[in-house]
Structures are given as C-alpha cells and as structure tokens.
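Results of the structural survey
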Amino acid sequence: SDGAGVVEAVGSEVTLWKKGDRVLPIFAQKWFDGAPNMDNLRSTLGGPNDGCLAHYGKFSEEGLVATPSHLTDKEAATLGCAGLTAYNAVVNFGGIEPGSDVLCLGTGGVSLFALQFAKMMGARVIITSSSDEKLARAKTLGADETINYATKTNWERDVRKHTKMAGADLIIEVGGAGTMQKSMMSVKPYGTIALIGVLAGGESSLSLYPILMQGVKVQGVIVGNRSDFTRMNRAIEQNKMKPVVDKVFGWKEVPEALEYLQTGKHFGKVVVNWE
Ligand SMILES: NC(=O)c1ccc[n+]([C@@H]2O[C@H](COP(=O)([O-])OP(=O)(O)OC[C@H]3O[C@@H](n4cnc5c(N)ncnc54)[C@H](OP(=O)(O)O)[C@@H]3O)[C@@H](O)[C@H]2O)c1
C-alpha cells in the first residue's frame, strides 16, 4: 500500500509535478480531505487497486504528495500507510496534550511511528514488546516506560502502575481482539483506544462494560487522507524525524522480505528496494 518514487513523465495538463520530482502515492487515491466515503475507500492501493510493489505506477496528480526532503526514498516509502495511520491515531484522534500518557503495543511499524509522534507532541510513552532487546531500542527512540508483554502477561497492571493508577490517555491498539480486553483495562476514563490492527486476532468475545462504564472512546483508524499526509510530512520535515527502517531487501528478495516480516523479528519497517 505504500511506496516512494520519482516522477518519470507527466500528462499535458498536470500542474502539480514535473519529471524528477520525488513523490509518495497516497493510500486511498480518491480520498483527499475530510471524512472518507464508501467510494473513496474503494480507491486504496494494495487492494482493490494495484499497490506499490512495482517498478512503475500511473497516478492522478492528486494521488501523490511530495517526499520530505531530508528522507531517502527507502525511509519515505514507509510513510504512506504505517506512518499516516500512526499520525492520525496520535495527532487527529488521540486527544492528547503535552504530559499525556500514550501506550503503544509492540514495536512494529505503526507502533514505532506512534511513539515518535507522541514524543513530538510532548507525551509520555509506554511501550510493550515480547523482546527486552527491542524494548531497549525503543528507549533510545524516547520511550519512557517499557513492558515485556511476554513475561508480564498481566501488562495492564503495569500500565496502571506507570500512570499512577490513572490509566493511559491513548492506546495504540494493533493487537485487536487478542489485546483489546487488556487495553480496556489500561485506558483511563474518557480515554481513547485507537483500533488499528488485528495482529492478535480479529474476533473474540469481549466484555464491553469498561467502554460504557468509563466512557472510553474506541476509534477505528483507516490510514488517512491526502491533506493529513501533507500535514504529517510537514511535521516530519520540521522535526527532522527519521522513520525506523529495520531492513532493506532487494527487488528479487520479495519472498524473503515477506517471510522475514512474518517472523516478527523486525523493529519498525521492512522495505523492498527496486534497484
Ligand atoms: N487500520 C489501518 O489503517 C492500518 C494501517 C497499517 C497497519 N494496520 C494493521 O496494524 C497492525 C500493525 O501493523 P504494523 O505494520 O505495525 O505491523 P508489524 O510491523 O508487522 O508489527 C509486528 C509487531 O507487532 C507486535 N505484536 C504482535 N502481536 C502482538 C500482541 N499480541 N501484543 C502486542 N504487540 C504485538 C510485535 O512486536 P514485538 O516484536 O515488539 O513483540 C510484532 O513484532 C497490523 O494488523 C496491520 O495490518 C492497520
């Protein structure tokens, strides 16, 4: 769904781009601003439309945004899906302010972007991982508190302890059904759970009482629109933020790249380079 490239040729009526410009395709090619609708949600790259795992692509001029100038294409290729999803969850839906507590689940692409945006906004970040080594790396990115969810299986209690028993203001929920109940126990009353992924399952039987008894907001996130992408890139440029790229695979190593992703050994993003 995400990628980066260079403009090779433009149509005669194109005004936004010229040959040689560095650009990033937007996830939903027809979603430019505001809330999505059923039509523009059907214009997404990587299904139903062809995605970015290609040497060449054809886009409308509004289907692209400019690449942040301080990033390489390999770094910027990570922004269009995981980056924008995390930006929307933290900045637009998070309802946070400096000093808020943000909980990020795991150290995958979305969660590390969320960590970086939350720190940019002056929040305190608690992050979980199944690996102590990854937690140590998350500290170098600014994580304030770390929890190993593999050894601390009741991690919601640790989140409470780290927030003076108040609960987190915002949870970046990438686990889905398998972690949602614990997220409900980790969030503060009137806090927000940004529901993004289903790494730990998409269906289960959950007790919904914590949501209504504590006025919790559960906000589904579907990447974001062109205007959000442009605003995110400005924030990234002004803060000289660098996406966390774990490993770059060559064009002929796509199967290996997918297998590597499946092992869960990565920290941040995995990139395929076409050269
Ligand atoms: N809604 C949207 O718009 C949107 C956009 C992008 C992605 N997504 C979805 O969001 C999810 C995350 O995407 P991603 O790109 O960040 O994936 P990813 O990079 O593959 O994340 C993998 C990491 O997630 C962590 N994880 C897995 N199971 C976990 C669990 N039970 N509890 C806590 N952490 C767990 C692990 O971290 P550790 O190794 O540190 O344990 C794992 O390494 C996926 O389901 C993806 O499809 C949704």
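Everything numeric in this text was worked out from a predicted model, so none of it was measured.

Some details on the overall build of the protein
The number of helices and strands found in the protein is nine helices and 11 strands. The C-alpha radius of gyration of the protein comes to 19 Å, within 12% of the 19 Å expected for a compact globule of 275 residues. In terms of overall dimensions, the protein has a C-alpha envelope of 60 × 35 × 35 Å along the principal axes. Taking the contacts inside the protein whose residues are at least 6 apart along the sequence as the reference set, 62% of them involve residues at least 24 apart. Accessible surface computed for the protein: about 13800 Å², of which carbon and sulfur atoms make up 53%.

Describing the packing of aromatic side chains
Counted under the stated rule, the structure contains three aromatic pairs. Look at Phe113 and Phe117: their rings are 6.3 Å apart centre to centre, the planes differ by 20°, and that puts the pair in the stacked class. Of this pair, Phe113 and Phe117 are both found in helix H3 (residues 109-120), four residues apart, which corresponds to roughly one turn of the helix. Taking relative accessible area as the criterion, Phe113 reaches 2% and is therefore assigned buried. Judged by its relative accessible area of 1%, Phe117 is buried.

Observations concerning the domain arrangement of the protein
Domain annotation for the protein reports domain 1 (5-80 + 224-273) and domain 2 (94-220). For domain 1 versus domain 2, the distance between C-alpha centres works out to 26 Å. Each side of the interface is counted separately: domain 1 has 17 residues, and domain 2 has 12 residues. Counting every contact that joins domain 1 to domain 2 gives zero salt bridges. For the pair domain 1 and domain 2, the interface holds four residue pairs in polar contact (both at pLDDT 80 or more).

Criteria and thresholds
- Each chain has its residues counted from 1, running along the sequence as written.
- Side-chain atom pairs in this predicted model are given and counted only at pLDDT of 80 or more, local residue features only at pLDDT of at least 70, and totals for whole chains, interfaces and linings cover all residues.
- With hydrogens and water stripped out, all remaining heavy atoms of the structure feed into the side-chain values.
- Runs of E in the DSSP output that reach at least two residues are strands. Runs of H or I that reach at least four are helices, and both are numbered from the N terminus.
- Our radius of gyration looks at C-alpha atoms and nothing else; its globule reference is 2.2 Å times the residue count to the power 0.38.
- What makes two residues a contact is simply this: any of their non-hydrogen atoms within 4.5 Å.
- Working definition of accessibility: Shrake-Rupley area with a 1.4 Å probe, residue cover restricted to the visible protein chains.
- What counts as a ring pair is set by centres within 6.5 Å for rings of Phe, Tyr and Trp (its six-membered ring), and what kind of pair is set by the plane angle: stacked under 30 degrees, edge-to-face over 60, tilted for all other angles.
- With a 1.4 Å probe rolled over the protein chains alone, any residue whose accessible area is under 20% of its type maximum counts as buried; one over 50% counts as exposed, and the rest are partly exposed.
- What counts as a domain boundary in this text is fixed by an automatic or database domain assignment.
- Any Lys or Arg side-chain nitrogen located within 4 Å of an Asp or Glu carboxyl oxygen qualifies as a salt bridge.
- Nitrogen and oxygen atoms within 3.5 Å of one another constitute a polar contact, given that in protein one can donate a hydrogen and the other can accept it, and given that sequence-neighbouring residues count only through two side-chain atoms.

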